[in-house]
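Single-letter residue listing:
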Amino acid sequence: TTVRDLKRAKDIGDAWQPVGPIDVPAASYGLGIGRVNVIAYHPTDSLTLWAGSPSGGLWKTMDGGNNWTTNTDMLTNLGISDIAINPHNPDEIYLASGDRDGGDTESFGVVKSTDGGQNWDMTSLVFNVPGNVQITRLLMDTASTEILYAATTNGIFKTVDGGNTWVQKTFTSTRDMEFIPGSADTLLAVT
């Protein structure tokens, strides 16, 4: 097997198509068209997905990416670092606020929608702005969707009642976490 064969084996061919934007606008501070922190998919509708940006809010498409809308312009800031969607009730969505990667916006906490993202309410996990806190990951227990974990630069927080109350489980800055496959009882975390 040659290097060329290995590269060919990884080639995705025509499976991916650019959908834009293609042009990069010029600005006095440099070039850029923005970036996306997270993408989440509707559990049963393949044409519906959400994209969270570091300083542009949450965007939703219901037609596979041809058109996008947002209902997050009224939030404290427009950074979205992670999205958790209830797989049994996709109208229930949680957002981790802030920018986990570049620090463009600080986290003010976790917000929740029960109507598919039309309206947003704060959960009780709230941070002061400025407070230098970033939420880096938001995980929902798929067996019991009232249980969520939020990895932050202040530690890991857990709710067992859909965000009404949160308990701090660790105090170490955590960058990422994931359930061990096949287990809702064990989390792996990266500090």
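Residues numbered from 1 in each chain as written. Predicted model: local features only at pLDDT ≥ 70, side-chain atom pairs only at ≥ 80, totals over all residues. Heavy atoms only, no water.

Attention shifts here to the overall build of the chain. Check the secondary structure of the chain and you find one helix and 13 strands. Helices (α) and strands (β) of the chain occur, in sequence order from the N terminus, as α-β-β-β-β-β-β-β-β-β-β-β-β-β. For the chain, with 191 residues in total, the buried portion stands at 40%. (Helix = DSSP H or I, 4+ residues; strand = E, 2+ residues; numbered from the N terminus. Buried < 20%, exposed > 50% of the residue type's maximum accessible area, 1.4 Å probe, protein only.)

Roughly 180 Å³ of internal volume is contained in the second largest pocket. If you go around the second largest pocket, the residues you meet are Ala40, Ile83, Ala84, Ile85, Pro87, Arg137, Leu138, Leu139, Met140, Thr142, Glu178 and Phe179. Grouping the constituent residues of the lining of the second largest pocket by class yields nine nonpolar, one polar and two charged. (1 Å grid on protein atoms, 1.4 Å probe; cavity = no way out; pocket = protein on both sides within 12 Å on 5 of 7 lines; lining within 4 Å. Points joined across faces, edges and corners; volume = space filled by probe spheres on them. Nonpolar A, V, L, I, M, F, W, Y, C, P; charged D, E, K, R; others polar.)

Under the criterion given, the structure shown has six salt bridges. Two residues, Arg35 and Asp99, come together in a salt bridge whose shortest N-O distance is 2.6 Å. Placement of Arg35 in the loop between helix 1 (3-10) and strand 1 (38-41) and of Asp99 in the loop between strand 5 (93-97) and strand 6 (109-113) is noted, with a sequence separation of 64 residues between them. Taking relative accessible area as the criterion, Arg35 reaches 33% and is therefore assigned partly exposed. Given a relative accessible area of 1%, Asp99 falls into the buried group. When the shortest N-O distance is used, the salt bridge between Glu92 and Lys112 registers 3.9 Å. With Glu92 in the loop between strand 4 (80-85) and strand 5 and Lys112 in strand 6, the pair connects residues that are 20 residues apart, well separated along the chain. (Salt bridge = Lys/Arg side-chain N within 4 Å of Asp/Glu carboxyl O.)

Attention shifts here to the sheet that holds strand 10 (residues 155-159). Across the sheet, four strands lie side by side as 8-9-10-11; this open sheet has antiparallel pairing. Both edges of this open sheet fall to strand 8 (135-140) and strand 11 (167-168), since each of them pairs with a single strand only. By the bridge criterion, five bridges tie strand 9 (residues 148-152) to strand 10 in an arrangement that is antiparallel. Note that in strand 10 the partner of Ala150 across the bridge is Phe157. (Pairing = 2+ DSSP bridges.)

What follows is about the sheet that holds strand 5. Within the open sheet, the four strands sit side by side as 4-5-6-7. Their pairing is antiparallel. A strand with exactly one partner marks an edge of an open sheet, and here the two such strands are strand 4 and strand 7 (121-126). For this sheet the average axis-to-axis angle between neighbouring strands, irrespective of direction, equals 25°. Bridge count between strand 4 and strand 5: five bridges; the pairing is antiparallel. Bridge pairing in strand 5 links Ile85 to Ile93. (Axes fitted to C-alpha atoms, helices over the stretch in contact; angles between N-to-C directions.)

Looking at the chain, pLDDT values average 86 and 85% of them are 70 or higher. Mean pLDDT across the elements of the chain bottoms out in helix 1 (57) and peaks in strand 11 (98). (pLDDT = per-residue confidence, 0-100.)

Below, the discussion takes up the pairing of strand 3 (residues 57-61). For strand 3, a buried count of four out of five residues is recorded, marking the element as mostly surrounded by other parts of the structure. Between the end of strand 2 (residues 49-53) and the start of strand 3, which pair antiparallel, lie three residues.

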